[in-house]
Amino acid sequence: MTTDNSVQVSVLGLGAMGSALADALVKAGYATTCWNRSPGKADHLVAQGAKAADTAGDAVRAGRVVIACLLDHASVHEVLDPLSGELAGRTLVNVTTTSPAQSREMADWAAQAGIAYLDGGIMAVPHMIGRPGASVLYSGSAEVFDQYKPLLDLWGTSSYFGEDAGLASLYDLALLAGMYVMFAGFMHGAAMVAPAGVTAAEFAAHATPWLTAMTGGFEGFAAVIDGGDYTVEGQQSLRFSDLTDILAASSDQGISTEVVTMVQRLIQRQIDAGHGEEGFARIIESIKQPG
């Protein structure tokens, strides 16, 4: 396991996230070379001791470990395909946001080129990198993860999900799905109270502790789902979970009901199938089998 900062690292892509990753490496004393398609992005890193490469090829040649933090899957291939020969024998850690299928395809590409490959999903915004609360999910080469874990831990808590290179991406996107639906729910609530003269900030002061407390229910839902029995005691029934009053109040406030209607449809499908007295967690069956 690499326990010091002697390894030379190259970072390809200096958007907000790539810059944050490179900044953490430079501050930790790693010899860091940076490249970005648009010039000038590396200036603040150079001032701290990093080197700026004129081309992606120069950056690859300078680093034993190459970090790719680019726009998307297509841009990773656009930048790296011409450099596959020079990447051979090196380590590629790709933290560009991609789908599970794209991550697996990238791992296959790397294997054919003789490149050690680790795929990563960053669960943080740029200013969180290197601070409590940041985490990065990884899958792909266990050897790469074990060898360079001290480096990876500079960015946040590192979690490894196995040799299947698509698993980190799958977890990443699944967690983001939960986040975006939660955010949409908050915004629906803020829109509901706005006609009454309540600001979003005032609503947030009440929503934050409430929603935080409600996340404590995840483990209970998970236990029911994994057990496969939606009739166990202590659950709120689907019939009791009917959202008609929320929909009516939303309409009365003159706002869109589509966020809440989505949940109501999941509930109603299970009620229509004869499961109205079973627990709310059963809506996962509506999600698993879209109608």
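Here the structure is shown first, and the text comes after it.
Values in this document were obtained by computation on a predicted structure and should not be read as measured data.

Engineer: Would you mind going over the packing of helix H8 (residues 167-193) against helix H9 (residues 200-214) with me for this structure?
Structural biologist: The geometry of H8 relative to H9 is characterised by a closest axis approach of 9 Å and an angle of 125° between their N-to-C directions. One element, H8, and the other, H9, form an angle in the oblique class. Like other packed secondary-structure pairs, H8 and H9 cross with a definite hand, here right-handed. Mapping the contact onto sequence places Phe186, Gly189, Ala190 and Val193 in H8 and Ala200, Phe203, Ala204 and Ala207 in H9. Classifying every residue of the contact of H8 with H9 gives seven nonpolar, one polar and no charged.

Engineer: Would you explain the nonpolar core in this entry?
Structural biologist: Within soluble globular proteins, side chains that are nonpolar tend to cluster in buried spots. Ranked by internal contacts, the top residues of the largest apolar core, which has 34 residues, are Leu21, Ile67, Val93, Ile129 and Trp155. At the level of secondary structure, the elements contributing two or more residues to this core comprise strand S1 (8-12), helix H1 (16-27), strand S4 (65-68), strand S6 (116-123), strand S7 (135-140) and helix H7 (142-152). Ranked by residues supplied to this core, first place goes to H1 with seven residues. With residues near it in sequence (within four places) discarded, Leu21 still touches Ile67, Cys69, Val95, Ile122, Ile129 and Trp155. Core analysis: the next-biggest nonpolar cluster, separate from the first, contains 23 residues, Ala59, Leu70, Val76 and Leu87 among them.

Engineer: What's the story with the pairing of strand S2 (residues 31-35) in this structure? I'm lost.
Structural biologist: Within a regular strand, side chains alternate between the sheet's two faces. Of all five residues that make up S2, four are buried, and the element is covered over most of its length. Here S1 runs beside S2; their pairing, made up of five bridges, is parallel. Paired with Gln8 across the two strands is Ala31, which belongs to S2. In this fold, the crossover linking S1 to S2 by way of H1 has right-handed handedness. Bridge count between S2 and strand S3 (residues 51-52): two bridges; the pairing is parallel.

Engineer: Got a minute to help me understand the side chain of Ser19 in this structure?
Structural biologist: Secondary-structure assignment places Ser19 in helix H1. A residue is classified by how much of its surface remains accessible, and Ser19, at 12% relative accessible area, is buried. With residues near it in sequence (within four places) discarded, Ser19 still touches Gly13, Leu14, His44 and Leu45.

Engineer: Explain the side chain of Asp172 to me, please; I cannot follow it from the model alone.
Structural biologist: With respect to the element layout, Asp172 can be found in helix H8. Despite its burial, Asp172 pairs with no opposite charge; the closest candidate is Arg104, at 13 Å N-O. Beyond its immediate stretch of four places on either side in the chain, Asp172 contacts Gly121, Ile122, Met123 and Leu137.

Engineer: I'm lost on the environment of Gln112 in this one. Help?
Structural biologist: Take Gln112: it is sitting in helix H6 (residues 100-113). A C-alpha to C-alpha distance of 9.3 Å links Gln112 and Ala88, two positions 24 residues apart in sequence.

Engineer: Help me understand the sheet that holds S3, please; the structure alone is not making it clear to me.
Structural biologist: Two modes of strand pairing occur in sheets, parallel and antiparallel, and in both the strands are linked by backbone hydrogen bonds. In space, the eight strands of this open sheet follow the order S3-S2-S1-S4-S5-S6-S7-S8, with mixed pairing throughout. Of all the strands in the sheet, the pair left with one neighbour each is S3 and strand S8 (157-160). On top of the sheet, H6 reaches strand S5 (91-94) and S6; it is set at about 155° to S6, its chief contact.

Engineer: Teacher, can you tell me more about the environment of Pro209 here?
Structural biologist: Position of Pro209 among the secondary structure elements: in helix H9. Along the backbone, Pro209 and Glu143 are 66 residues apart, and their C-alpha atoms lie at a distance of 42 Å.

Definitions and limits used
Residues take numbers from 1 onward in each chain, read along the sequence in its written order. Owing to the predicted nature of the model, reporting of local features is limited to residues with pLDDT of at least 70; listing and counting of side-chain atom pairs is limited to 80 or more, with chain, interface and lining totals taken over all residues. For the side-chain quantities, the full set of heavy atoms in the structure was used; hydrogens and water were omitted. Note on method: axes are straight lines fitted to C-alpha atoms, helices fitted across the in-contact stretch only, with angles between N-to-C directions ranging 0 to 180 degrees. Secondary structure is summarised from DSSP: a helix means a run of H or I of at least four residues, a strand means a run of E of at least two, and numbering begins at the N terminus for each. Note that the term roughly parallel is reserved for angles under 35 degrees, roughly antiparallel for angles over 145, roughly perpendicular for angles of 65 to 115, and oblique for everything else. The sense of a crossing depends on the near helix, which, turned anticlockwise from the far helix by less than a right angle, makes the crossing left-handed and, turned clockwise, makes it right-handed. Should any heavy atoms of two residues lie within 4.5 Å, those residues are considered in contact. Under the convention adopted here, Pro, Cys and the residues Ala, Val, Leu, Ile, Met, Phe, Trp and Tyr are nonpolar, Asp, Glu, Lys and Arg are charged, and Gly plus all remaining residues are polar. We call a set of buried residues a nonpolar core when its members are Ala, Val, Leu, Ile, Met, Phe, Trp, Tyr or Cys and they connect through side-chain atoms within 4.5 Å of each other. The classification of residues rests on relative accessible area computed with a 1.4 Å probe and restricted to protein chains. Under 20% of the type maximum is buried, over 50% is exposed, and intermediate values are partly exposed. DSSP bridges decide pairing: two strands pair if at least two such bridges lie between them. We call a crossover right-handed when, viewed with the strands running away from us, the connection from the first strand over the helix to the second turns clockwise. None of His or the chain ends enter the tally, which takes Lys and Arg as positive and Asp and Glu as negative. Each reported salt bridge corresponds to a side-chain nitrogen of Lys or Arg within 4 Å of a carboxyl oxygen of Asp or Glu.

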